[in-house]
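Each chain, letter by letter, is given below.
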Amino acid sequence: MSERFDCDNCKESLYGRKYIQAEDRPYCIPCYDSLFANTCDECKELIGHDSRELFYEDRHYHEHCFRCFRCDRSLADEPFTSQDDALLCNDCYCNEFSSKCVACDKTVMPGTRKLEYGGSTWHEACFICHSCEQPIGSKSFIPDKEEHYCVPCYENKFAPRCTRCKQILAKGGVTYRDEPWHKECFVCTGCKMQLAGQHFTSRDDSPYCLKCFGNLYAKKCEACSKPITGFGGGKYISFEERQWHQPCFTCSRCSVSLVGAGFYPDRDEILCRDCNSKL
């Protein structure tokens, strides 16, 4: 007699029948399917040995059951994703869950480069400067109402320009007569010293440091010949188109102060009462 060759499970003879070897043991087809086949997550039926089986995250499917939850399109050879355990093709996922570019109104596909700002989304190539129309990408930008500008275009269009050099005033600076200046450009018309943070005055709309203004335009003290500017609370005396610093207003003979006292002019001299009485 020939040696027996039976199914390891049901013990029926496998001579003349198809069988499958599993774990070094032979099984008839029905027993193999019942013991080893996975259950389809979609239709809940066994996935037979002769069926193409697909699996995703410990879930198994017949090939014909592996389909998009929304459009019923086969996902066997298509890219897909999962949302709340439902399988979706890329088109359905994007239409339902992906944002749309506010510039071109097309879907921003998963994995593509995008920019998000103020609750809106753009394709990277669609996020462009309103002025030069070049993509801004990862560079800095400045929003203005509903428009966006790259920094160079915004500065060229909106940033104030220095009254003197006409270049962009990016930050800092000073304001003189409602006009912007770079600190290094706001200088004395005479000596070119920077005036930012310094006391200064003006003549014919031109700024001057106090020293230059005094030397160029201030009247000179009759006694010491130095400028009389009146800045800093300095007081002076004026008489017949002649001026004196208050400390310089003294008797030409005895040098007593004449401030608040009577005095007598004598040609180019001014005299106190006593010196005048001695003449």
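Residue positions are given per chain, counted from 1 along the sequence in the order it is written. Where totals are concerned, whole chains, interfaces and linings use all residues; where local detail is concerned, this predicted model gives features only for residues with pLDDT of at least 70, and gives and counts side-chain atom pairs only at 80 or more. Based on all heavy atoms of the structure, the side-chain values leave hydrogens and waters out of the count.

(A) Broad picture of the overall build of the protein. By definition, any uninterrupted DSSP run of H or I lasting at least four residues is a helix, any uninterrupted run of E lasting at least two residues is a strand, and each is numbered from the N terminus. Of regular secondary structure, the protein possesses five helices and 20 strands. Exposure categories follow from relative accessible area, calculated using a 1.4 Å probe and restricted to protein chains: below 20% of the type maximum is buried, above 50% is exposed, and the middle band is partly exposed. Within the span of the protein, comprising 279 residues, buried residues form 29% of the whole. With 36 positive and 42 negative side-chain charges, the protein shows a spacing of 18 Å between the two charge centroids. In this tally, Lys and Arg are treated as positive and Asp and Glu as negative; His is ignored, and so are the chain termini. Here the site of a charge means atom NZ of a Lys, CZ of an Arg, CG of an Asp or CD of a Glu.

(B) Molecular detail of the pattern of salt bridges. A side-chain nitrogen of Lys or Arg and a carboxyl oxygen of Asp or Glu constitute a salt bridge if their distance falls within 4 Å. Considering all chains together, one arrives at 14 salt bridges under this definition. For D8, the salt bridge identified is with R25, shortest N-O distance 3.6 Å. Taken together, the residues D8 in the segment before β1 (19-22) and R25 in strand β2 (residues 25-28) connect sequence positions 17 residues apart. Residue classification places D8 among the partly exposed residues on the basis of a relative accessible area of 28%. As a salt-bridge pair, D205 and R177 come within 3.3 Å of each other at their nearest N and O atoms. Of the two residues, D205 sits in the loop between β13 (200-203) and β14 (206-209) while R177 sits in the loop between β11 (174-176) and β12 (179-181), which places them 28 residues apart along the sequence.

(C) Region of interest: unusual backbone geometry. Residues other than glycine seldom take positive phi values, yet K192 does so here, at roughly 70 degrees. The topology assignment puts K192 in the loop between β12 and β13. With a phi angle near 55 degrees, D204 is a residue other than glycine that sits in the positive phi range. For D204, the position within the fold is in the loop between β13 and β14.

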